[in-house]
Each structure stands twice: as structure tokens, then as C-alpha cells.
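Single-letter residue listing:
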Amino acid sequence: MIISASRRTDIPAFYSEWFMNRLQQGFVYVRNPMNPKRISSVPLNLDVVDCIVFWTKNAIPMLGHLDKLDAWGYPYYFQFTLTPYDERVEKYVANKAEIIRGFKLLSDRLGKQRVIWRYDPVIVNNRFPVQYHLDAFDKLSGALGDYTKRCIFSFVDLYARVKRNTKGINEISCENMNNIARGFSIIAKSNNITLETCSEEIDLHQYAIGHASCIDQKVIEDIVDYSINLKKDTNQRQHCGCIESIDIGAYDSCPHGCIYCYATSNENTVNSNRPRHDVHSPLLLGQLTDDDILTEKVVKSLQTTYVSLFP
């Protein structure tokens, strides 16, 4: 089983103590976002967890837990988002110099193959024209080139809930996509960084840019040192290349305040949910109630057999 921690919220930045408590207890409760009364109890012991994929914009709060995580023997790697936006777009994201410092510390600890940089999403408008991104990507690549081997980027997707928060941001034209890809490719090559796109239909192979699998079978196999067999995750977007995983996060719980985020409805909802967090609760938000329906998730290690996580 692959654990995603998490596409729905930034567990390393805000919920690392809770996460370590869940590993110590050996299970986590995950509320079904489509049917909130249904909760899955997911085992987290080493017999069934093959790898953990962390998603974060700030790894510094997690750094102090890595000794224990390693001592317990859990394999893991990081998808680390670092973009050039200010507080007008990412309202409460930490200072970028501090984030870069955390990226480097994490890479020094884990090795640059286990810290994957995400320049995600690319927003193009009057405030952030193509040249803005080329300049920013050049600067960030120079800072991170010795600390990562791979960068995954995507162009902003305007989901319904994203549109409410992104007035003045439009879909990106094919011309601008190609101009950015061409420029990024030259910059990435000069910094020994491999480029891939996340969930993008557009073919950019002419710029040596492939399609990414963020939850990546090869990366995981290299870390765990054995073969796994999982299908593509059909619960993700059509052009997503990720293999199946179980996400243990919760929507509307991340206070970074990024206006492009598909996982938050609005700032008020996040602020009302945050006080419901208890580091000792099996749920990320709240507690189990009498009305909840709890089901044990049956999972197995992927080392010797294939088990679909979504029957």
C-alpha cells in the first residue's frame, strides 16, 4: 500500500505531530469526502505500508521527526512545491528563503532523488507573464539544482472552486505553454534537472519534457528495493500518471491560503475546521461520532502481490 500524505492538505507543514502519532498507533481514520458519514480505518504498520509520499510547501516542521521515521523503518519521499508567487497568490505560505533552506536541509538528509521539486501551478496573466516565469524558474533552478534531480510543473487548472478565488486568471494558451516549456527546458538542462508535466494533455517531448507520475512506481521501487505491481490511479485526472495510493488527508484543512488550491473551498471554512484538529485523534479533523460508519480497509504489502486499493 502506498500512503499519500497528502494531496488534500499539507501534513508535513501543519500536521506532522498528528501524523507521527498515527504511525505510532498503527492506524488512521479517513473520512470519505463524498460520503462524510463513512470512515475507513487504514492500518499503518510496516507489514502493509510500502512507501509514504509526502506533499508539502514547507518541510521544516517535519525535519525534527525524520530520525524517528527512519528508526521505525518507513520508506518515503517528498513532492515539494516551491513557486515564485507572493502573498497575493499564496497568502500565508512561509518566507520563500526559509522554504528554500528547508528544501536544502531535506535534500541533504534524504538525497536529492527523494526530494522532487514542484513548480505547480504555472499562472500566466498581466502580473505573471511568460518572462516572469522564465526569470523565476532560472533563479529557483540555480538555487535547487544541487538539491534535486527532477522538477514537475503544471499549468493552472480552473476547477469550479478555484474559479471563485482566481478572478483575473485564465486558462493558458498553447502558445504560452510552448514558450514556457521551451524556456524551462533550456534552464533545467543547464542545472541538470529533468523536467516533467503533471496531469497535462499537451505533448512537450520536443523540449525533452515527459509526463510525470508523482506517485511514481520507479521512484518507489528504487527506494524500497523491490518490485511492486499497481495499476494507474483511476480516481485522479485523466492525464495523471500516478499509481494507486490511499490519501489520509482532509479537504479544507490547509491554511496556506493559495488561491489556486482545489483542496480548499475558502479561507473561512479552513479557519472553522482548524480548531477541530486534535493531534491525538485518529481523524485529521474532529472525532468519531455515533452517526459515523466505520469500516476496516483491507490492504496488503505490494511486495509479493497486487491488491487493488479501490475495489
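Residues numbered from 1 in each chain as written. Predicted model: local features only at pLDDT ≥ 70, side-chain atom pairs only at ≥ 80, totals over all residues. Heavy atoms only, no water.

## As for the sheet that holds strand β11 (residues 293-296)
Spelled out, the test is: Here, a strand pair is defined by DSSP locating no fewer than two bridges between the strands. Helix and strand assignments follow DSSP, with helices taken as H or I runs no shorter than four residues and strands as E runs no shorter than two, numbered in order from the N terminus. To get an axis, a line is fitted to the C-alpha atoms, and for a helix only the part in contact is used. The angle between two axes follows their N-to-C directions and goes from 0 to 180 degrees.
With respect to topology, three strands assemble into an open sheet ordered β2-β3-β11, the strand pairing being mixed. What marks the edges here is a single partner per strand, and that holds for β2 (27-31) and β11. For this sheet the average axis-to-axis angle between neighbouring strands, irrespective of direction, equals 25°.

## Some points on the side chain of S141
Rule in force here: Remark: exposure states derive from per-residue accessible area (1.4 Å probe, protein chains only) relative to the maximum for the residue type, with buried under 20%, exposed over 50%, and partly exposed in between. In this description, contact between two residues means that some pair of their heavy atoms is separated by no more than 4.5 Å.
Looking at where S141 falls in the secondary structure, it is placed in helix α6 (residues 130-144). Exposure remark for S141: the relative accessible area of 0% places this residue in the buried category. With sequence-adjacent residues up to four places away left out, S141 is seen in contact with W117, I187, N191 and I193.

## A look at empty space enclosed by the protein
Note the following rule: Lining residues are defined by having an atom within 4 Å of a point belonging to a cavity or pocket. Those points lie on a 1 Å grid over the protein atoms alone, cavities being sets where a 1.4 Å probe fits but cannot get out and pockets being open sets with protein on both sides within 12 Å along at least five of seven lines. Grid points are joined across faces, edges and corners, and a volume is the space filled by probe spheres set on the points.
Counted according to the given criterion, the structure contains one cavity of 30 Å³ or more. K57, T81, L82, T83, E90, V93, K96 and I99 together form the lining of the largest cavity.

## Quick look at the pairing of strand β7 (residues 150-155)
The element β7 is largely enclosed, with a buried count of six among its six residues. Burial along β7 is two-sided: R150, I152 and S154 and C151, F153 and F155, pointing in opposite directions, are all buried. Pairing of strand β6 (residues 115-122) with β7, which is carried by four bridges, proceeds in the parallel orientation. Bridge pairing in β7 places V122 opposite F155. Pairing geometry for β7 and strand β8 (residues 194-197), over four bridges, is parallel. Paired with I152 across the two strands is E196, which belongs to β8.

## Let's talk about the environment of R38
Structurally, R38 can be placed in strand β3 (residues 38-43). You can call R38 partly exposed: its relative accessible area is 41%. Between the alpha carbons of R38 and C151 there is a distance of 36 Å; along the sequence they are 113 residues apart. R38 has contacts with V30, R31, N32 and I293, leaving out every residue within four places of it along the chain.

## Details of the sheet that holds strand β9 (residues 209-211)
Spatially, eight strands are ordered β9-β8-β7-β6-β5-β4-β1-β10 in an open sheet, and the strand pairing comes out parallel. Sheet topology places β9 and β10 (246-247) at the edges, where each strand pairs with a single neighbour.

## Remarks on the nonpolar core
Inclusion rule: The nonpolar core is taken to be a set of buried Ala, Val, Leu, Ile, Met, Phe, Trp, Tyr and Cys residues, with the residues joined through side-chain atoms within 4.5 Å.
Counting 76 residues, the largest nonpolar core has I3, F19, I52, L69, W117 and Y119 as its most contacted members. In this structure, I52 is in contact with I3, A5, F19, L23, Y74, P75, Y76 and Y77, ignoring residues within four places of it in sequence. Ranked by size, the runner-up nonpolar core spans 20 residues in total, among them C51, Y77, C240 and L302.

## Some thoughts on helix α5 (residues 96-110)
Here is the rule we go by: A helix is expected to span 1.5 Å for every residue after the first. Comment: arc refers to directions from the helix axis out to C-beta atoms. We call two N or O atoms a polar contact when they sit within 3.5 Å, provided that within protein one can donate a hydrogen and the other can accept it, with sequence-adjacent residues counted only if both atoms are side-chain atoms.
End to end, α5 covers 21 Å across 15 residues, agreeing with the expected 21 Å (1.5 Å per residue, within 8%). All of the buried residues along α5 are I99, I100, G102, F103, L106, S107 and L110. Projected onto a plane normal to the axis of α5, the buried residues spread over an arc of 160° and lie on a single side. The exposed set on the far side of α5, more than 90 degrees from its buried face, consists of A97 and D108. Here the buried face of α5 lies against α3 (60-63), α4 (66-72), β5 (76-81), β6 and α6. Looking at where α5 begins, the residue whose side-chain oxygen comes 2.9 Å from the main-chain nitrogen of A97 is N95. Following α5 by one or two positions, G111 adopts a phi angle in the positive range, close to 100°.

Take it as geometry only, folks, not as evidence of what the structure does.
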